[in-house]
Amino acid sequence: MKEVKLMKGNEVLAEAAIRCGADAYFGYPITPQSEVMETLMEKKPWETTGMVVLQAESELASINMVYGGACCGKKVLTSSSSPGISLMCEGLTYLAGSELPCVIINVSRGGPGLGTIQPSQGDYFQATKGGGHGDYRLIVLAPNSVQEMHDFVFDAFDLAFKYRNPVMVLSDGVIGQMMEKVVLAEQRPRWTEQEIIEKCGDWALTGKTPDRKHNIITSLELDPYAFEKFNQKLVEKYNKVRENEVRYEEFMCDDADYVIVAFGSSARIGMKTMEMAREEGIKVGLLRPITLFPFPEKPIAALAERVKGFLSVELNTGQMVEDIKLAVNGKTPVEFFGRAGGAVFSPEEVYDALKEKLIK
Amino acid sequence: MAEFEVQKTQENLVYSRTKVLTDNVMHYCPGCSHGTVHKLIAEVIDEMNMQDKTIGVSPVGCAVFAYNYLDIDWAEAAHGRAPAVATAIKRLNPDKMVFTYQGDGDLAAIGTAETIHICNRGENVAIFFVNNGIYGMTGGQMAPTTLIGMKTATCPYGRDPKLHGFPYKIGNIVSQLEGTCYVTRQSVNTPAAVRKAKKAIRKAFENSLAGKGVSFVEFVGTCNSGWKMDPVAANKWMEENMIPAYPLGDLKDI
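Residues numbered from 1 in each chain as written. Chains lettered and ligands numbered in written order. Predicted model: local features only at pLDDT ≥ 70, side-chain atom pairs only at ≥ 80, totals over all residues. Heavy atoms only, no water.

Take the overall build of chain B next. When you go through chain B residue by residue, the secondary structure sums to 9 helices and 9 strands. In terms of overall size, chain B behaves like a compact globule, its C-alpha atoms giving a radius of gyration of 18 Å where 254 residues would be expected to give roughly 18 Å. Oriented by its inertia axes, the alpha-carbon framework of chain B measures out at about 65 × 50 × 30 Å. For chain B, the residues scored as buried account for 56% of the 254 residues in total. Pairs at least 24 apart in sequence give 67% of the contacts found in chain B among residues at least 6 apart. (Helix = DSSP H or I, 4+ residues; strand = E, 2+ residues; numbered from the N terminus. Rg over C-alpha atoms; globule rule 2.2 N^0.38 Å. Buried < 20%, exposed > 50% of the residue type's maximum accessible area, 1.4 Å probe, protein only. Contact = heavy atoms within 4.5 Å.)

A few words now on helix H2 (residues 35–43) of chain A. All names here are of chain A. Where H2 is concerned, the buried positions are Glu 35, Val 36, Met 37, Thr 39 and Leu 40. Along its buried surface, H2 packs onto strand S1 (3–8), helix H1 (9–19), strand S2 (24–27), strand S3 (52–55), strand S4 (76–80) and helix H7 (173–177). Looking one or two residues beyond H2, the residue adopting positive phi is Lys 44, at roughly 50°.

Our focus in this paragraph is the packing of aromatic side chains. Residues and elements named next belong to chain B. Tallied over the full model, the rule gives 15 aromatic pairs over all chains. The interplanar angle of 50° and the centroid separation of 6.4 Å between the aromatic rings of Phe 128 and Phe 219 together place this pair among those described as tilted. Of this pair, Phe 128 sits in strand S4 (residues 126–131) while Phe 219 sits in strand S8 (residues 214–220), placing them 91 residues apart in sequence. By the burial criterion, Phe 128 is buried, and Phe 219 matches it. Cluster of aromatic residues (ring-pair linked, three or more members): Trp 74, Phe 99, Phe 128, Phe 205 and Phe 219. (Phe/Tyr/Trp six-rings, centres within 6.5 Å; stacked < 30°, edge-to-face > 60°.)

Further remarks concern the nonpolar core. In this structure, Phe 26 and Phe 310 of chain A are the most contacted members of the largest nonpolar core, which totals 129 residues. A per-element tally of this core places helix H6 (residues 146–163) of chain A first, with 11 residues. When residues of this core are assigned to domains, at least three fall in each of domain 1 (3–193) and domain 2 (249–359) of chain A. The next biggest cluster of nonpolar side chains, apart from the first, holds 37 residues, and it includes Val 44, Ala 66, Ala 200 and Phe 219 of chain B. (Core = buried A, V, L, I, M, F, W, Y, C linked by side-chain atoms within 4.5 Å. Domains from an automatic or database assignment.)

Turning to the side chain of Lys 237 of chain A, a few remarks are in order. Residues and elements named next belong to chain A. On the secondary structure map, Lys 237 appears in helix H9 (residues 224–244). Given the relative accessible area of 10%, Lys 237 is considered buried. The residues touching Lys 237, leaving out its near neighbours within four places in the chain, are Glu 99, Tyr 163, Arg 164 and Asn 165.

All names here are of chain A. If you walk across this open sheet you meet the 7 strands as S3-S2-S4-S5-S7-S6-S13, and the pairing is mixed. In this open sheet, the two strands that pair with only one neighbour each are S3 and strand S13 (291–293). On average, each strand axis in the sheet is inclined to that of its neighbour by 20°, with strand direction left out of account. When strand S6 (residues 139–141) meets S13, the two strands line up antiparallel, connected through 2 bridges. (Pairing = 2+ DSSP bridges. Axes fitted to C-alpha atoms, helices over the stretch in contact; angles between N-to-C directions.)

In structure tokens form, the structure reads like this:
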């Protein structure tokens, strides 16, 4: 039987973590996502599924606890918000460099610095281009509803284990704090020790038995030629991700003259703008990237062949617009409209920008 | 010279290398304490018959490659983060014997917060801490444990507290925390000390299996390369300078 509830985005993250059979959550409180750990502690999943929930002394510690759990082939996650994610970047590059599956949720807020506690999408670059040092990629999912906050926790773990790579769910304070209807999935069992050995036994720390060599999780390699090969292996993995995992939604793009590109909460505002324009007979469509890495380059490139222009709408000062420009490659104008620092635009403001910058 | 073969039997076998040590040649300098401490940990794991249940966490520092020498499953942690990594491994695998192996820069400088908080939470983990008063891996820079007056690459005129602060005894600090059950300072400078150190390792592992909290075993060690001394002189210098500053013995045993 379907379980339908009215829930807050952050609470749903906690609920989904339990229901997807996660083994552990490690975190540190930070606004606007503290309800994730609060909800977990209140639900006491260690008494039901056996899931560990631990409040660490810092985000540095919590991401390294994620590293420790992931080393053992366990399904582990953390959540934080922008300044906390910056602290976690050291751990993220180690996780990527050691090819460890795990889920990191960023309910982002305005920066730079301590910034603000209001919503922002200013962490697009950090999520999609690195954050930590070295050549690595996170797979990045961007939910735009409470339902997707739920669903993407499941999807993120599936992708993490499919590619042995950390996966980030890049949300924002709007989605984290708002309440919506959500259909909850049925409880999935946690993997047994035997299942972990079957799925991850060739790398995970399950205890060195006489039938196998000892497993070592490390990202250290002093031989530059060996490490270049490893970097190349990562590139091949990321290319597979680009080939197989691009997700996006298109609305009314078939006959569109102008296309708004927006993700997460911006896409919801952009949808309203699209409707307003359509009512006035202006053919506006919307493309919502669901995966930010891999970025939906091909569908944007295809639209670039026939539309009169794109407007990238973001809650920042212009980040995703660079990826759109790369995909469009000069074929048609690409403009940007955004607000930053925790300020959120209205559909009317986006419509005005569309008219001013593209329709003229 | 006559050739003869010694037949190894149960009766005449007095010593053999533990199977928990791999065949890899250690990268440690001759005279370094790490090799001895590695061997003792490997022997204890073997004697406890826990090879298939032990997970080690190696640090950043000279012991980063500890995973090449002990034939158990290992995680290599970011600099200073081994206690956080070990916390998760133990919480998620309560039946495993989990330990960290860390140097003074890793444990007492960059990883101070992680060290204090694993001890304060009382995780059932053993911490093995080699204190040689210097950063060996990066080429002999000042450590939090560098003695006053001691010369290193980053205090070439000797550690001056006005410029560089004071050395500190992190073992004494963690012994004050509720979550530690056993805090001891050992060395491997003499055969008797080696035997005592091995007993401390065994006790730490047994405590972790008994769920008593953190056992913290510090080894005051030599770094003859970093100290720019030959192995014998380094051992003597340690006895005359390091051990008086970091006195050996149990700080806590409950």
